[in-house]
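# Observations on the three-dimensional arrangement
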Amino acid sequence: MRIIVATIFPDFVKVVKEYGVIAQAIEKGKLDIQILNLRDFTHDKHRIVDDYPYGGGPGMVMKPEPFFELHDYCGRTFGEIYTVLTSPQGVTLNNKLAMELSKKKNLLILCGRYEGVDERVKNLVDLEISIGDYVLSGGELAAMVICDAVSRFVPGVVEEESVKRDSFYNDLLDHPHYTRPAEYRGMRVPDVLLSGDHEMVELWRTAESLKLTALRRPDLFLSREFSTQEKKALVWLLQELVRYVERRQDSPDPLSGSGKRW
Ligand code: ADE
């Protein structure tokens, strides 16, 4: 897959290519990220990309010509492209959308700036995307977020198993993770993770995901169709809860000995 970012701040955006799994995937040839400077598609001495708004008002508006010329160039160079524009007025990015975008051969991300872009640019755009209900100074950070979220779904960028376990894949929040040491400053890793019992570990992870989703995203939990494993995990969770309450009635210290319990 190829992602092309059109921006007036290429040095800012290029950082997205330089670290972690994205850098490795580019190195392995699984992913290509091209960053194009909109100013390279101007023809005046000062490489101007913005102008005053017709009708007056504050701020500047990005001119249409550099966007159209850049889009033409991408079509000529890369073939078929799917074009998105970063904008607080767009549809909000989520994992499902990121996955859909990862199936495109060429994804062109146009970064908006200033007060907005000339409305005619929207004729080039298949989808406007927002990364949340807040206003950024420009679309560059949004484009970087889109690059990262989309890249994770490109085969070979991240292990398939990790993607499936990510929060929001499958509309569930992720379970907690632990590494060594088994005890740190009195905080113990849950016994089940040290048990070597893979089936119980999976059940615990499913239960933790469901618990977190129910508490933090009840909307996702309530609209879920539970798998057999998830139903088992819910039953186990309930049993653990009952055991915990019973222990609490027996002893003033319910956490005695076994670390964090739920
Ligand atoms: N540009 C400014 N704010 C934005 C946002 N929240 N999402 C995408 N692009 C933006």
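Nothing here was measured: the structure is a model prediction, and the numbers come from that model. (Residues numbered from 1 in each chain as written. Predicted model: local features only at pLDDT ≥ 70, side-chain atom pairs only at ≥ 80, totals over all residues. Heavy atoms only, no water.)

## Regarding the overall build of the protein chain
Worth spelling out the cut-off: Each helix corresponds to a stretch of at least 4 residues labelled H or I by DSSP, and each strand to a stretch of at least 2 residues labelled E; elements are numbered beginning at the N terminus. Atoms considered for the radius of gyration are the C-alpha atoms alone. The globule rule reads 2.2 Å times the number of residues to the power 0.38. Here the term buried applies to any residue with accessible area under 20% of the maximum for its type, exposed to any over 50%, and partly exposed to those in between, with areas from a 1.4 Å probe on protein chains only.
When helices and strands are tallied, the protein chain shows ten helices and ten strands. What you see for the protein chain is a C-alpha radius of gyration of 24 Å, clearly larger than the 18 Å of a compact globule of 262 residues, by over 25%. Along the longest, intermediate and shortest principal axes, the C-alpha atoms of the protein chain span 80 × 45 × 40 Å. Classification of the 262 residues of the protein chain by burial places 39% in the buried group.

## Brief notes about the domain arrangement of the protein chain
Using the following cut-off: Segmentation of the chain into domains, including their bounds, is taken from an automatic or database domain assignment.
Domain assignment breaks the protein chain into domain 1 (2–161) and domain 2 (183–250). Summarising the inter-unit geometry, the C-alpha centres of domain 1 and domain 2 are found 40 Å apart.

## Regarding the packing of aromatic side chains
Rules: Ring pairs shown here join Phe, Tyr and Trp side chains whose ring centres sit within 6.5 Å, with only the six-membered ring taken for Trp; geometry is labelled stacked below 30 degrees between planes, edge-to-face above 60, and tilted in between.
Across all of its chains, the model carries two aromatic pairs by this definition. A ring pair is formed by F41 and Y73, whose centres lie 5.6 Å apart and whose planes are at 55°; its orientation type is tilted. Here the residue F41 occupies a position in the loop between β2 (32–37) and β3 (50–51), and Y73 occupies one in helix α3 (residues 64–78), the gap between them amounting to 32 residues. Each ring, one from F221 and one from F226, has its centre 5.2 Å from the other, and the planes form 55°; the classification is tilted.

## Topic: the sheet that holds β3
The test is simple: Pairs of strands are assigned from DSSP output, requiring at least two bridges between the strands.
Read from one edge of the open sheet, three strands run β3-β4-β7, paired in mixed fashion. The sheet is open, and its two edges are formed by β3 and β7 (116–117), each paired on a single side. Note that β3 and strand β4 (residues 61–62) share two bridges and pair antiparallel. When the bridges of β4 are listed, D51 appears paired with V61.

## Things to note about the pattern of salt bridges
As a reminder, the rule being used: What makes a salt bridge here is a side-chain nitrogen of Lys or Arg within 4 Å of a carboxyl oxygen of Asp or Glu, nothing more.
Applying the stated criterion to the full structure yields 15 salt bridges. Notably, a salt bridge pairs E140 with R113, separated by 2.8 Å at the nearest N-O pair. With E140 in helix α5 (residues 140–151) and R113 in the loop between β6 (106–110) and β7, this pair connects stretches of sequence that are 27 residues apart. As far as burial versus exposure is concerned, E140 and R113 are alike and both buried. The partner of E128 in a salt bridge is K122, and the shortest N-O contact between them spans 3.9 Å. What you see here is one network of salt bridges that share partners, running through E119, K122 and E128.

## What to know about the sheet that holds strand β5 (residues 82–92)
Put simply, the rule reads: Interaxial angle, 0 to 180 degrees, is taken between N-to-C directions of lines fitted to C-alpha atoms, where a helix line uses only the stretch in contact.
The strand order across the open sheet built from five strands is β2-β1-β6-β5-β8, with neighbouring strands paired in parallel fashion. What marks the edges here is a single partner per strand, and that holds for β2 and β8 (127–130). Here the average twist between neighbouring strands, direction ignored, is 30°. With six bridges joining them, strand β1 (residues 2–7) and β2 adopt parallel strand pairing. Among the inter-strand pairings, V5 is bridged to a residue of β2, identified as I35.

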